[in-house]
Amino acid sequence: MTIDEQLAVLRRGTTEIIDEAELRKKLEKDRPLRIKLGVDPTARDVTLGWAVVLRKLRDFQKLGHQAVLVIGDFTAMIGDPSGKSKTRKQLTREEVLINVEAVKKQFGKILDIEKTEIRPNSEWLGKMNFEDVLRLCGKVTIARIMERDDFTKRWDAHQPIGMHELMYPLLQGTDSVALEADVELGGNDQKFNNLMGRQLQAANGQEAQCVVLSPLLVGTDGKEKMSQSLGNYISIVDSPNDMFGKTMSIPDELILNWFELCTDVPMDEARSLAAGHPRDAKVRLAKEIVALYHSAEAASEAEKYFVETFSNRQQPVDAEPAPIPAELGDEIPLANLISALGMAKSNGAARDLIKQGGVSLDAEKVADPFAKFSRGDLVGKVLRVGKHQFRKLE
RNA sequence: GGGGAGUUGCCCGAGUGGCCAAUGGGAACAGACUGUAAAUCUGUCGGCGAAUGCCUUCGGAGGUUCGAAUCCUCCACUCCCCA
């Protein structure tokens, strides 16, 4: 592949490359580049938003470069202040380790994990003594750190900023120095941290890394960036049906953007799809995404399920089986059953759902919030609560 | 170190002795509608209970009072001004 072709691949789904001429020079070297991506194990699931940047790393990997995944086990104890208006709670070592294990497995769905260098940053950060820390601090001024947008905002809004948070960019920059990164990837909100890497590398006599920034994927609500704490996310380990359904729920304006960031569909094709009927475009998008993380067959099944359940308002053929708990006896108040099965969070909430017409048994709406059924009447029926909770009672 | 302001339900925020399980907005959930889990409209939104009701909640711990989110004391945390 020519350098131009490589750059074309790398440019897809990026907002900024700092800077492209430098990157070109690096690509011309006849050695694999070291491509660094830092991951903060503050979350348990890899979301499609996170996947955007992991997929970029995969792009580099496919072009023969060395992917280096930095597990921010040390920095997670600070918590990156990016885009946060609040101090993040500091995680304990144990919490971090649990998250790391969960998330590592998921990376394999995107990266060639065998060929990926995975390094915890406690490896070098954990060894620094206070003198090292002071020397590091001496390389950067307060004014420079405070330029950072979220610090400025918090400062102006009279919100607390912990001293340790100011250190975050320095630690992330130190990672780049320790790993001798040629390129660092990141979401757009990482720009400041990534640039700090350049500054610190230069201060340590290294060639400064290039920075490749990806846009932040907007979540299923169509407003905020996709994140686990906002609940507007799709996890790459979501079931095919969930993945499909959630994708169908995104606002139409997001279709092209999601094609670009979440799939491998060539952009020309994506553009013509997006210009067509939004429903069809979204069905295709949803199938592409499911196929990526599950399989093509799973994608077709998820489509079928979606059409049956939502478009045609039928019951799914294969509702999840749920045994009726024995302690409910033989005359079972439906509301209690619903909450016992975890389909509503309390008996009262379940009764509210019934009142609102959100509960049906074998497609027949139940109107009485205090309805009781005998065990024999219930077994074999499909209980539906809300739009997408189905259980086959046994 | 001195002075001032603040901490309310998932989030923001009103509430200054009983009418407060606590206004309002957002989120979430349900219904109608829809190509859609979009938009819009309607409703629900601490727990238990058929219900008058009972229990738990307004940073934490005590106290005053027939009665406290609201008053007092101490503690913790945050912000501002001065040093």
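Worth saying up front: this structure is predicted, and the values here are computed from it rather than measured.

Draft legend 1. Examining the overall build of chain A more closely. Within chain A, the regular secondary structure consists of 18 helices and 13 strands. Reported as C-alpha extents along the three principal axes, the dimensions of chain A are approximately 80 × 45 × 40 Å. Here chain A holds 394 residues, and the buried ones make up 46% of them. Put simply, of all contacts in chain A between residues at least 6 apart along the chain, 70% involve residues at least 24 apart.

Draft legend 2. Looking closely at the side chain of Gln-201. Position of Gln-201 relative to the elements: it lies in helix α10 (residues 191-203). Taking relative accessible area as the criterion, Gln-201 reaches 0% and is therefore assigned buried. Polar side-chain contacts of Gln-201 include one of 2.7 Å to the backbone nitrogen of Gln-209.

Draft legend 3. Layout of the packing of aromatic side chains. Counted by the stated rule, this structure contains two aromatic pairs. Both rings, one in Trp-50 and one in Phe-107, keep their centres 5.6 Å apart while their planes meet at 85°; by these two values the pair is edge-to-face. Placement of the pair is Trp-50 in helix α3 (residues 48-62) and Phe-107 in helix α4 (residues 93-107), with a sequence separation of 57 residues. Between the aromatic rings of Phe-244 and Phe-306, the centroid separation amounts to 5.5 Å while the plane-to-plane angle is 50°, which identifies the pairing as tilted. Of this pair, Phe-244 sits in helix α11 (residues 240-248) while Phe-306 sits in helix α15 (residues 296-311), placing them 62 residues apart in sequence. Like Phe-306, Phe-244 is buried. Directly above the aromatic system of Phe-151 lies the positively charged group of Arg-148, at a separation of 5.1 Å from the ring centroid.

Draft legend 4. Local environment of the side chain of Thr-47. Within the secondary structure, Thr-47 sits in the loop between β2 (34-39) and α3. Contact partners of Thr-47, with chain neighbours within four places excluded, come to Met-226, Gln-228, Tyr-233, Ile-234, Ser-235 and Ile-236.

Draft legend 5. Main features of the sheet that holds strand β7 (residues 320-322). Spatial ordering of the open sheet is given by β7-β13-β12-β9-β10, a layout of five strands whose pairing is mixed. The strands lining the two open edges of the sheet, one partner per strand, are β7 and β10 (364-365). In terms of strand pairing, strand β9 (residues 359-361) meets strand β12 (residues 382-385) through three bridges, oriented antiparallel. Note on β12: the bridge partner recorded for Ser-360 is Arg-384.

Draft legend 6. Representation of the packing of helix α12 (residues 255-262) against helix α13 (residues 267-275) in the model. Running from amino to carboxyl end, α12 crosses α13 at an angle of 155°, the nearest separation of the two axes being 9 Å. In terms of orientation, α12 lies roughly antiparallel with respect to α13. For the pair α12 and α13, the sense of crossing is right-handed. On α13, the residues that touch Ile-255, Leu-256, Phe-259 and Glu-260 of α12 are Met-267, Ala-270, Arg-271, Leu-273 and Ala-274.

Draft legend 7. Fine view of the pairing of β2. Bridge count for β2 against strand β3 (residues 66-71) is six bridges, and the pairing is parallel. Paired with Ile-35 across the strands is Ala-67, a residue of β3. Taken together, β2, α3 and β3 constitute a β-α-β crossover, and its handedness is right-handed. With three bridges joining them, β2 and strand β5 (residues 183-187) adopt parallel strand pairing. Across the sheet, the residue bridging to Lys-36 is Glu-184, located in β5.

Calculation rules
- Residues numbered from 1 in each chain as written.
- Chains lettered and ligands numbered in written order.
- Predicted model: local features only at pLDDT ≥ 70, side-chain atom pairs only at ≥ 80, totals over all residues.
- Heavy atoms only, no water.
- Helix = DSSP H or I, 4+ residues; strand = E, 2+ residues; numbered from the N terminus.
- Buried < 20%, exposed > 50% of the residue type's maximum accessible area, 1.4 Å probe, protein only.
- Contact = heavy atoms within 4.5 Å.
- Polar contact = N/O pair within 3.5 Å; in protein donor to acceptor, adjacent residues only side chain to side chain.
- Phe/Tyr/Trp six-rings, centres within 6.5 Å; stacked < 30°, edge-to-face > 60°.
- Lys NZ or Arg CZ within 6 Å of the ring centre and 35° of its normal.
- Pairing = 2+ DSSP bridges.
- Axes fitted to C-alpha atoms, helices over the stretch in contact; angles between N-to-C directions.
- Parallel < 35°, antiparallel > 145°, perpendicular 65-115°, else oblique.
- Left-handed = near helix turned anticlockwise from the far one by under 90°.
- Right-handed = clockwise from strand over helix to strand, strands pointing away.

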